Amino acid sequence: MKIKKLFFVGLLLFNSFTSNSFAIDEKTQDIKYIRKPSFYDKMLNTKKGGSLHFPLGNDPKVMNPILSSDTESSSIEQFLWMSPFFLDPETLDYIPALAKSYTISADKKNYTFVLYEKAKWQDGSPVTAEDYKFTFDTMMNPKIHSAALRSYYDGITLKIDNKYQITFTVLEPKFDTFDFLSRYVPIQKKQFESSKDFNKDKGIMNPISNGPYIMDKYKRGQNITFIRNKNWWGYELSQFKNRFNVDEIILDIIPEPNLSYEKFVKGDIDHMSFTAEQWNTKVIGIDKDKYGSSPKEKNIWALKTQNKSAKPYTYIGWNFKNPLFQDVKTRKALSYLVDYKKIIEKVYFNLFTQCVSPFGTFTLNTAPELRQKNNIISYDRAKAVKLLKESGWKNDGSQTLIKEVNGKKIPFEFTLETNTGNPARMKIAEIIKEDFKSAGIKVNIKTAEWNTFLDDVDNRRFDAVILAWTGTIFPNPKQIWHSSSEKNQGSNFISYNNPKIDDLIHRANSEFDPKKRNTIMQEINRIIYEDQPYTFIAEMNYILEGLSSKISSERWVANYETAAANDLFYLVK
């Protein structure tokens, strides 16, 4: 099952969303859930058993849905926990998970979920409204490191109606209120209620699950083993009966992508997503004879496809706390010094496209004129030099530009940081270093192990970073772009602050008409692109998957999935 929040990797391209399970409009009566048959209900009986290995880029920072904010941690969640509902990735209908029904009040201020009484934690105790209340109170505690998640719940309260029913009440309903409430993942109250410091509690790495798998072993730097809960309550429901079929799933922690690739070719890894370079140089290059185009041909096969899913985008984030990046002309000059064409050709092998928006470059939330040749920022050294001069940067005859800031002359020198184990980001950093040098800007490149890198980002100990964001079906700009999201290690880690953007975010999130909301989002996009708090680099165009032929599935990739769905896998060899 795919999840939810925004994570460090990339954003989505489906913006004006209206669910098929209900429609938020001007109804005068409560909106009640209507269950529709889904693909999952009609799946054939599948064989259960066996073991599969998947790669994981780094150790997860946490195994806790309240504290997780990175890709590795979210990768763990899909095996362990359920939320009240999940989205059908083919139709975008809501399908029951922990809850069997919901009711939305006519004024859209009350959201009531009725839980399945059969839902259990792995220790056999029931999942109850008390667990939800405890999770909510913990998440909303400002001392808890959950600022990114908490930003969605401002002005929301939760009350227990009875043992298996909860109601969220919101002061001001937003366009995506139901969506994020429907994907609210509870933790077990019993596990944490005596905790003295939740942020450091041992339980955040020893999860008690309510999902189809149990975390069995974690060997830091080596692997994490999940075993299937054969008595899982979900198997009694038609939407889960023929999913989560593999008895043992082992996530092998492999920071180096090319090592993951070699292990995949040898058969030590059973499923992976290829980088653009792996696809171009190996899968369709030197190793092309090793691959089939379907599971019937060879031991491994490759899948290349496009769909409507959210596409990750890569960017450079400029830290506004650093005086170097506080002037918009300087930031725009830096963006004009990036050779996007070279990066897309040499780093992404034309499998990516230049990004102009945090909301999906080709979506209705992106201002269409920004995609036009005359408006898109492209490499233009002359324009960059002109902007730098206008911003006060001078050439004093040395190799590095200088500028007087607060009565002190400072050189234009900074550190561009990214994580280890990502060759594409390193290549981008090298290209930028050379291009910036030609304009009198000295760039020092720094790499750090993933969790160390995230600590630097969370604590704002950086000048500039190369990163990426994952997508979401409901792009809510508040988490990343609102000034309030800078606090408490929130996702606005570059400390961007634009009162006009804050106001537009409020208007966009309060607008239920998709077309009107698109118009506001496009205006947000225009301002952000003009401000260049990020230099938007590239956005992925394709899903590139490698699969072992011992795996079968009734469906490999649905309309809105970003990779082959491992919850449908079953073994045939």
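Conventions and cut-offs
- Each chain carries its own residue numbering, running from 1 in the direction its sequence is written.
- At least 70 in pLDDT is required for a residue's local features to be given in this predicted model, at least 80 for side-chain atom pairs to be given and counted, and no such filter applies to totals for whole chains, interfaces and linings, which use all residues.
- Water and hydrogen atoms were dropped before computing side-chain values, which therefore reflect all heavy atoms in the structure.
- UniProt positions are given in the numbering used here, feature names are shortened, and annotations may be inferred rather than shown by experiment.
- For the purposes of this entry, the term helix denotes a DSSP run of H or I that reaches at least four residues, the term strand denotes a run of E that reaches at least two, and both are numbered from the N terminus.
- Note that the radius of gyration is over C-alpha atoms, with the globule rule given as 2.2 Å times the number of residues to the power 0.38.
- Relative accessibility thresholds used throughout: buried, under 20% of the residue-type maximum; exposed, over 50%; partly exposed, between the two (1.4 Å probe, protein chains only).
- All tallies of charge rest on Lys and Arg as positive and Asp and Glu as negative; His and the ends of each chain are not included.
- Every charge is mapped to an atom, namely NZ of Lys, CZ of Arg, CG of Asp or CD of Glu.
- Cavity means a closed set of points on a 1 Å grid over the protein atoms alone, one where a 1.4 Å probe fits but cannot get out, pocket means an open set with protein on both sides within 12 Å along at least 5 of 7 lines, and lining means a residue has an atom within 4 Å of a point.
- Grid points are joined across faces, edges and corners, and a volume is the space filled by probe spheres set on the points.
- Each residue gets one label: Ala, Val, Leu, Ile, Met, Phe, Trp, Tyr, Cys and Pro are nonpolar, Asp, Glu, Lys and Arg are charged, and the others, such as Gly, are polar.
- If DSSP finds at least two bridges between two strands, the strands pair.
- Axis definition: a line fitted to C-alpha atoms, limited for helices to the stretch in contact. Angles are taken between N-to-C directions and run from 0 to 180 degrees.
- When checking whether two residues touch, look at their non-hydrogen atoms; a contact exists if any pair is within 4.5 Å.
- Here a salt bridge means any side-chain nitrogen of Lys or Arg lying within 4 Å of a carboxyl oxygen belonging to Asp or Glu.
- Here the aromatic set is Phe, Tyr and Trp, taking the six-membered ring for Trp, and pairing holds for ring centres within 6.5 Å; pairs whose planes are under 30 degrees apart are stacked, those over 60 apart are edge-to-face, and all others are tilted.
- A ring is considered to have a charge above it if a Lys NZ or an Arg CZ atom is located within 6 Å of its centre and within 35 degrees of its normal.

- For the chain, an unreviewed UniProt entry supplies the name Peptide ABC transporter substrate-binding protein and the organism Fluviispira sanaruensis.
- Quoted verbatim from the Sequence similarities (unreviewed entry) heading of the UniProt record, the comment on the chain is "Belongs to the bacterial solute-binding protein 5 family."

### Quick look at the overall build of the chain
Move 1: Each helix and strand in the chain was counted, giving 15 helices and 25 strands.
Move 2: In terms of overall dimensions, the chain is globule-like: its C-alpha atoms have a radius of gyration of 24 Å, near the 25 Å expected for 573 residues.
Move 3: With respect to the principal axes defined by its C-alpha atoms, the chain has extents near 75 × 60 × 45 Å.
Move 4: Looking at the 573 residues of the chain, the share that counts as buried comes to 59%.
Move 5: Charged side chains in the chain number 81 positive and 69 negative. The centres of these two groups are separated by 1 Å.

### Here we look at the layout of surface pockets
Move 1: In this structure, the largest pocket encloses a volume near 580 Å³.
Move 2: In this structure, the largest pocket is lined by 30 residues; those nearest its centre are Lys-61, Leu-67, His-145, Asp-458 and Gln-489.
Move 3: Those elements that place two or more of their residues in the lining of the largest pocket are helix H3 (147-150) and helix H12 (450-458).
Move 4: Here the lining of the largest pocket is composed, by residue class, of eleven nonpolar, twelve polar and seven charged.

### Some thoughts on the sheet that holds strand S15 (residues 313-318)
Move 1: Ordered by their spatial adjacency, six strands build an open sheet running S16-S22-S15-S21-S19-S20, and the pairing between neighbours is mixed. Each edge of the open sheet is held by one strand with a lone partner, namely strand S16 (352-354) and strand S20 (442-448). The mean angle between the axes of side-by-side strands here comes to 25 degrees, regardless of whether they run parallel or antiparallel.
Move 2: Relative to S20, strand S19 (residues 413-419) runs parallel, the two being bridged by seven bridges. When the bridges of S20 are listed, Phe-414 appears paired with Val-443.

### Topic: unusual backbone geometry
Move 1: Notably, Asn-406 is not glycine yet its phi reads approximately 50 degrees, a positive angle.
Move 2: Along the chain, Asn-406 falls in the loop between strand S17 (402-405) and strand S18 (408-411).
Move 3: Residue Asn-406 is classed as exposed on the basis of its relative accessible area of 77%.

### Here we look at the UniProt feature "domain: Solute-binding protein family" (unreviewed entry) in the chain
Move 1: According to UniProt, the "domain: Solute-binding protein family" (unreviewed entry) feature falls on residues 94-489.
Move 2: With 26% helix and 24% strand, residues 94-489 has its two end C-alpha atoms placed 31 Å apart.

### Quick word on H12
Move 1: Of all nine residues in H12, seven are buried, a share of seventy percent or more.
Move 2: Looking at the buried positions of H12, the neighbouring elements they touch are helix H1 (71-80), S19, helix H11 (423-437), S20 and strand S21 (464-469).
Move 3: At the C-terminal side of H12, Arg-460 shows a positive phi close to 60 degrees.

### Some details on the pattern of salt bridges
Move 1: Evaluated as defined, the whole model comprises 28 salt bridges.
Move 2: Glu-262 is the salt-bridge partner of Lys-282, the closest N and O atoms lying 3.6 Å from each other. Taken together, the positions of Lys-282 in helix H7 (residues 276-286) and Glu-262 in helix H6 (residues 257-266) put the pair 20 residues apart, joining distant regions of the chain.
Move 3: Here Glu-390 makes a salt bridge to Lys-386, at a shortest N to O gap of 2.6 Å. Of this pair, Glu-390 and Lys-386 both sit in helix H10 (residues 381-390), four residues apart, which is roughly one turn of the helix.
Move 4: On the basis of relative accessible area, Glu-390 is assigned to the partly exposed category, the value being 40%.
Move 5: One salt-bridge network, held together by shared partners, links Glu-417, Lys-446, Asp-456 and Arg-461.

### Examining the pairing of strand S14 (residues 300-305)
Move 1: Two strands pair when backbone bridges link them, and strand S13 (residues 291-292) and S14 are joined in this way by two bridges, in the parallel orientation. Bridging from a neighbouring strand, Tyr-291 pairs with Ile-300 of S14.
Move 2: Examined bridge by bridge, S14 and strand S23 (residues 543-548) share six bridges and lie antiparallel to one another. Residue Ile-300 lies in a different strand from S23, and its bridge partner there is Ser-548.

### A look at the sheet that holds strand S6 (residues 110-115)
Move 1: Within the open sheet, the five strands sit side by side as S1-S5-S6-S8-S7. Their pairing is antiparallel. Of all strands in the sheet, those with a lone pairing partner are strand S1 (31-32) and strand S7 (156-162), marking the two edges.
Move 2: Note that S7 and strand S8 (residues 165-170) share six bridges and pair antiparallel. When the bridges of S8 are listed, Ile-160 appears paired with Ile-166.
Move 3: The sheet contacts of helix H2 (residues 129-140) involve S6, S7 and S8, and relative to S7 the element is tilted by about 165 degrees.

### Remarks on the environment of Ile-284
Move 1: Tracing the backbone through its elements, the reader meets Ile-284 in helix H7.
Move 2: A sequence separation of 18 residues divides Ile-284 from Ala-302, and the C-alpha atoms of the two residues are 9.2 Å apart.

### Here we look at the packing of aromatic side chains
Move 1: Under the definition given, this model contains 56 aromatic pairs.
Move 2: An angle of 20 degrees between the planes, with centres 5.9 Å apart, marks the rings of Phe-113 and Phe-178 as stacked. A residue pair is termed long-range when its members are at least 10 positions apart, and Phe-113 in strand S6 and Phe-178 in helix H4 (residues 177-182) qualify at 65 residues.
Move 3: Positioned above the aromatic ring of Phe-512, the side-chain terminus of Lys-108 is 5.2 Å from the ring centre.
Move 4: Stacked on the ring of Phe-175, the Lys or Arg Arg-517 has its end atom at 3.3 Å from the ring centre.

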